[in-house]
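# Structure at a glance
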Amino acid sequence: GILSSFQLWFEEISNPSCVEPEDFSNGEYSEYALFKMALKDPMFKKSLAVEGWDQWVEENIKRGSNNMFRVLLKSHPEAVKLVELIKAIWETQGGCTRKLTAYRKIRVQPNRHATLFVYLNQNFEGGETVFPRAVPPKDAVQLIVRRNGTLDRVKNPSIREGMEECSLGLRVEPVQGSAALFYSKKGNGQNDESSIHGGCPPVTGTKFGLNGFCWNINANQGYGLWNF
């Protein structure tokens, strides 16, 4: 999509080592500062007037809006030429190519690295969080974290109706006010297949919970990249 085509640039301009202090208040990155920088370019100002974006940009600069690029591109995809022009101006006037070289070498794929699932109730049966690949299938054993905190090893567990995976690997029973924390990436950046998980359907009652995600980039950028 349009947003993903700019993702690397979004990461580069948000890298603190790649901004000039005089262009950013207190050295902090903000997208509206890039618009202010671009306004110094006569070609950009002329393009704004022709395309009719001058009032929109002026209002958002006054508000000190951040995430201006994403808001603009999501609501007005035709503004891609405007963002491309800002990017070109930044590269010639405000970019820091030499500093970015080292940054590119250590860049990793944008992704969620950890998930925290919080259980908001427990007045139901079933509804466990299951990790079907956490235990090798050949072991014919399922590990179950009980509500009282004990860990049971169940040999040849019975197949759960509605979701067979709930009878494999590791199963965590919900406890109101507690949470399951797990990592989807290993330290070397590779996917950890043992973290593949699912929510078992409740046998009785209704399950309520919430997810918290830990990204290796700005969360807003991540959600924009995944089109959430």
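This one's a predicted model, so the numbers in the text were calculated from it and none came from an experiment. (Residues numbered from 1 in each chain as written. Predicted model: local features only at pLDDT ≥ 70, side-chain atom pairs only at ≥ 80, totals over all residues. Heavy atoms only, no water.)

## Overview of the confidence of the model for the protein
Here the protein averages 77 in pLDDT, and 73% of its residues register 70 or above. Taking the mean pLDDT of every element in the protein, the minimum, 42, falls on helix H8 (residues 97–106) and the maximum, 95, on strand S3 (residues 129–131). Predicted confidence is poor over residues 19–29, with pLDDT under 50, and the contacts of this stretch with residues over four places away or in other chains come to 14 contacts. Below a pLDDT of 50 lies the segment residues 97–107, which in the model reaches 12 contacts outside its immediate sequence neighbourhood of four places, other chains included. (pLDDT = per-residue confidence, 0-100. Helix = DSSP H or I, 4+ residues; strand = E, 2+ residues; numbered from the N terminus. Contact = heavy atoms within 4.5 Å.)

## Describing the side chain of Gln142
Structurally, the position occupied by Gln142 is in strand S4 (residues 141–145). Given the relative accessible area of 0%, Gln142 is considered buried. Only 2.9 Å separates the side chain of Gln142 from the backbone oxygen of Cys166, close enough to count as a polar contact. Those residues within four positions of Gln142 in sequence are excluded, and the remaining contacts are Val130, Asp152, Arg153, Val154, Pro157, Cys166, Ser167, Leu168, Gly169 and Arg171. (Buried < 20%, exposed > 50% of the residue type's maximum accessible area, 1.4 Å probe, protein only. Polar contact = N/O pair within 3.5 Å; in protein donor to acceptor, adjacent residues only side chain to side chain.)

## What about the side chain of Glu173?
Looking at the secondary structure, you find Glu173 in the loop between strand S6 (170–172) and strand S7 (179–183). Within the structure, the side chain of Glu173 is placed 2.9 Å from the side chain of Arg146, a separation counted as a polar contact. Each residue touching Glu173, except ones within four places of it in the same chain, is listed here: Glu128, Ile144, Val145, Arg146 and Arg147.

## A few points about the nonpolar core
Side chains of a nonpolar character, in soluble globular proteins, are inclined to be buried together. Counting residues in hydrophobic clusters, the biggest one holds 22 residues, and the most contacted among them are Phe35, Phe44 and Ile86. When contributions to this core are tallied by element, the ones reaching two or more residues are helix H3 (31–38), helix H4 (42–51), helix H5 (54–63), helix H6 (68–75) and helix H7 (80–94). When residues of this core are assigned to their parent elements, the largest contribution, five residues, is made by H7. Apart from residues lying up to four places away in sequence, Ile86 is in contact with Trp9, Leu34, Phe35, Ala38, Phe44 and Phe69. With six residues, the next largest nonpolar core counts Phe117, Phe131, Ala180 and Phe182 among its residues. (Core = buried A, V, L, I, M, F, W, Y, C linked by side-chain atoms within 4.5 Å.)

## Quick word on the packing of aromatic side chains
Following the criterion strictly, the structure yields two aromatic pairs and no others. Pairing Phe117 with Tyr119 gives two aromatic rings, centres 5.2 Å apart and planes at 75 degrees, and the pair type is edge-to-face. Look at Phe131 and Phe182: their rings are 5.0 Å apart centre to centre, the planes differ by 75 degrees, and that puts the pair in the edge-to-face class. With Phe131 in strand S3 and Phe182 in strand S7, this residue pair connects regions lying 51 residues apart in the sequence. Overall, Phe131 belongs to the buried group, its relative accessible area being 6%. Among the residues examined, Phe182 registers a relative accessible area of 9% and is labelled buried. Positioned above the aromatic ring of Phe213, the side-chain terminus of Arg112 is 3.8 Å from the ring centre. A cation over an aromatic ring shows up here: Arg147 above the ring of Phe124, its NZ or CZ 5.8 Å from the ring centre. (Phe/Tyr/Trp six-rings, centres within 6.5 Å; stacked < 30°, edge-to-face > 60°. Lys NZ or Arg CZ within 6 Å of the ring centre and 35° of its normal.)

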